[in-house]
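# Working through the structure, step by step
Below are the chains, spelled out letter by letter.
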Amino acid sequence: MTPKKITINDVADHAGVSVTTVSLVVSGKGRISPQTAARVQQAIQALGYVPNRQAVTLRGGRSGVIGLIVRDVCDPFYAEVTAGLSEVLEAQARVLFLTQSGREGLGSLRAAESLLKQGVDGIVLAGNLLHGPDVRQRAAAAGVPLVCAARANALEGMDLVRPDNQLAARLATGHLVAEGHKQIAYIGGAGHSLTRAERLGGFCATLLQYGLPFRPEWMVESGVHRHGMAAKVEALLRRYPQITALVCHDAAVTLGAYFGVLNAGRNVGGQALEGLYSPQVALAGFGEDADDALAELPLTRVSAAGREVGRSAAERLLQRIDNPDATPQQWVVAPVLIARAPG
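Residues numbered from 1 in each chain as written. Predicted model: local features only at pLDDT ≥ 70, side-chain atom pairs only at ≥ 80, totals over all residues. Heavy atoms only, no water.

If you look the protein up in an unreviewed UniProt entry, it shows as Mal regulon transcriptional regulator MalI from Chimaeribacter arupi.

Here it is as structure tokens:
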């Protein structure tokens, strides 16, 4: 026997409000008290009511759907961004529609067109902005707000939420200096990466602040796929045995550096040891809570606070939906230092 389909009238009866009130809560329009909105949402959950998003949109309301274009859903940073977005949107009875553009961002325009066909109320563009101008043009033509949530680069004239890459590198490098390290290398990141450029800026500025040397030959690129990172680190340490600490560009680089240190006959340690040659090499890297590969490694980690970037992007997009003519702004989210546990 086919179960009875729950209608908007059923929700109204269950919540003790009018059908119009339920419609306003679902569409996100009108001034409804928080208490009434909560009662309607409880009725929707209790009855299992599924709003017809297309019908809501056709009536001139909002679909309640927010689109997200992310470079790679497996990237821990963007996984955290997605989680932060979801937390805020779900609390506002919005639905997140997730699409993936690919590591190089080649599918951004295709993803945007798909989201626009779904009648989304707004789009968050996260990751590679190679085709960002085209996405912005399509979104603007459809009257759909767009907010960028990216590691470094942005679209001119667009709202942007991003981590503070320079401060993240300052925190990582400063922590190593505080542990007595004076010979520190930077490992990983592609040469064209704006994120790497910003982190290198913070890295070099910190070394200069403490009067420590930085050498171009101690700044090793890793490319996009990170292959051979262990071999590069091993070769670096064998050629420059005075190096006692490494700042690693991301989780994959950190993992490669870990094995590179061991392959070079050194140990992964924390504080610098006295003497010209130390058998220990300290690691400091950048990564999120979702970086399972880093969980057991003895290293200091700096989180880019991807979840907070996602929350801030969601909040800004909701503001932009309500006020489309607001002046574009940029939010920079502070990183968090997670020091290596002793032992």
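More follows now that the structure is in view.
## Here's the deal with the sheet that holds strand E2 (residues 95-100)
Working definition: the strands of a sheet are paired by backbone hydrogen bonds and lie parallel or antiparallel to each other. Taken in spatial order, the six strands make up an open sheet running E2-E1-E3-E4-E5-E12, and their pairing is parallel. This sheet does not close on itself; its edge strands, each paired only once, are E2 and strand E12 (330-333). Strand-to-strand, the axes of this sheet are offset by a mean angle of 20 degrees, without reference to chain direction. Strand direction decides the pairing type here: strand E3 (residues 122-126) and strand E4 (residues 146-149), joined by four bridges, are parallel. Looking at the pairing, Ala126 lines up with Ala149 of E4. (Pairing = 2+ DSSP bridges. Helix = DSSP H or I, 4+ residues; strand = E, 2+ residues; numbered from the N terminus. Axes fitted to C-alpha atoms, helices over the stretch in contact; angles between N-to-C directions.)

## Some thoughts on the pairing of strand E6 (residues 184-187)
Burial along E6 is two-sided: the face carrying Ile184 and Tyr186 and the face carrying Ala185 and Ile187 are both buried. As paired strands, E6 and strand E8 (residues 245-248) are joined by four bridges and run parallel to one another. Looking across to E8, one finds that Ala185 is bridged to Leu246. As defined by bridge partners, E6 adjoins strand E7 (residues 219-220) across two bridges and the pair is classed as parallel. When the sheet's bridge partners are listed, Ile187 is paired in E7 with Val220. Handedness of the crossover joining E6 and E7 through helix H9 (residues 194-209): right-handed. (Buried < 20%, exposed > 50% of the residue type's maximum accessible area, 1.4 Å probe, protein only. Right-handed = clockwise from strand over helix to strand, strands pointing away.)

## Examining empty space enclosed by the protein
Scanning the model with the defined rule gives one cavity of 30 Å³ or more in all. Size it by volume and the largest cavity reaches roughly 30 Å³. Lining the largest cavity are Pro163, Asp164, Asn165, Ala168, Arg199, Ala304, Val333 and Pro335. Residues that form the lining of the largest cavity fall into these classes: five nonpolar, one polar and two charged. (1 Å grid on protein atoms, 1.4 Å probe; cavity = no way out; pocket = protein on both sides within 12 Å on 5 of 7 lines; lining within 4 Å. Points joined across faces, edges and corners; volume = space filled by probe spheres on them. Nonpolar A, V, L, I, M, F, W, Y, C, P; charged D, E, K, R; others polar.)

## Digging into the nonpolar core
The biggest cluster of nonpolar side chains holds 23 residues, and the ones touching the most others in it are Leu85, Val124, Val309 and Ala313. Listed by contribution, the elements that provide at least two residues to this core are strand E1 (65-70), helix H5 (76-91), E3, E4 and helix H12 (306-322). Residues Ile187, Val220, Ile243 and Leu283 belong to the second largest nonpolar core, which totals 22 residues. (Core = buried A, V, L, I, M, F, W, Y, C linked by side-chain atoms within 4.5 Å.)

## Some points on the environment of Gly107
Positionally, Gly107 belongs in the loop between E2 and helix H6 (108-117). Given a relative accessible area of 8%, Gly107 falls into the buried group. Sequence separation between Gly107 and Ile69 is 38 residues, and the spatial gap between their C-alpha atoms is 9.2 Å.

## Considering a nonpolar patch on the surface
A cluster of nonpolar side chains, Leu255, Phe259 and Leu262, forms an exposed patch at the surface whose accessible area comes to about 240 Å². Note that Leu262 resides in helix H11 (residues 251-263). (Patch = residues over 30% accessible without salt bridge, like charges linked within 9 Å, V, L, I, M, F, W, Y side chains within 5 Å. Areas by Shrake-Rupley, 256 points an atom, 1.4 Å probe, with all protein chains shown as cover. Salt bridge = Lys/Arg side-chain N within 4 Å of Asp/Glu carboxyl O.)

## Here we look at the environment of Ile6
Along the chain, Ile6 turns up in the segment before helix H1 (8-15). When the C-alpha atoms of Ile6 and Gly48 are compared, they prove to be 7.2 Å apart, with 42 residues separating the residues in sequence. Once you skip the residues sitting within four places of it in the chain, Ile6 turns out to touch Val11, Leu47 and Tyr49. (Contact = heavy atoms within 4.5 Å.)

## Digging into the packing of aromatic side chains
Within a pair of aromatic rings, the relevant descriptors are the distance that separates the centres and the angle that separates the planes. All told, the structure shown has four aromatic pairs when counted by the stated rule. Between Trp218 and Tyr240 the ring centres are 5.8 Å apart and the planes differ by 65 degrees, which places this aromatic pair in the edge-to-face class. One end of the pair, Trp218, is in the loop between H9 and E7; the other, Tyr240, is in the loop between helix H10 (229-239) and E8, with 22 residues separating them in the sequence. Trp218 sits in the buried class, given a relative accessible area of 0%. Note on Tyr258 and Phe259: the rings are 5.3 Å apart at their centroids and 80 degrees apart in plane angle, and the pair reads as edge-to-face. Looking at Arg199, its charged tip hangs above the ring of Phe286, at a distance of 4.2 Å from the centre. (Phe/Tyr/Trp six-rings, centres within 6.5 Å; stacked < 30°, edge-to-face > 60°. Lys NZ or Arg CZ within 6 Å of the ring centre and 35° of its normal.)

## Describing the packing of H6 against helix H7 (residues 132-141)
Between H6 and H7, the shortest axis-to-axis distance is 9 Å and the interhelical angle comes to 15 degrees. Taken together, H6 and H7 sit at an angle that is classed as roughly parallel. The two elements H6 and H7 cross, and the hand of that crossing is right-handed. Contacts between H6 and H7 involve Ser108, Leu109, Ala112, Glu113 and Leu116 on the former and, on the latter, Asp134, Val135, Arg138 and Ala139. Across the contact of H6 with H7, the residue classes tally to five nonpolar, one polar and three charged. (Parallel < 35°, antiparallel > 145°, perpendicular 65-115°, else oblique. Left-handed = near helix turned anticlockwise from the far one by under 90°.)

## Details of the pattern of salt bridges
One pass over the structure, following the stated rule, counts ten salt bridges. Salt-bridge contacts for Arg307 lead to Glu80; the nearest nitrogen and oxygen are separated by 3.2 Å. With Arg307 in helix H12 and Glu80 in helix H5, this pair connects stretches of sequence that are 227 residues apart. A salt bridge links Glu87 to Arg311; its shortest N-O distance comes to 2.8 Å.

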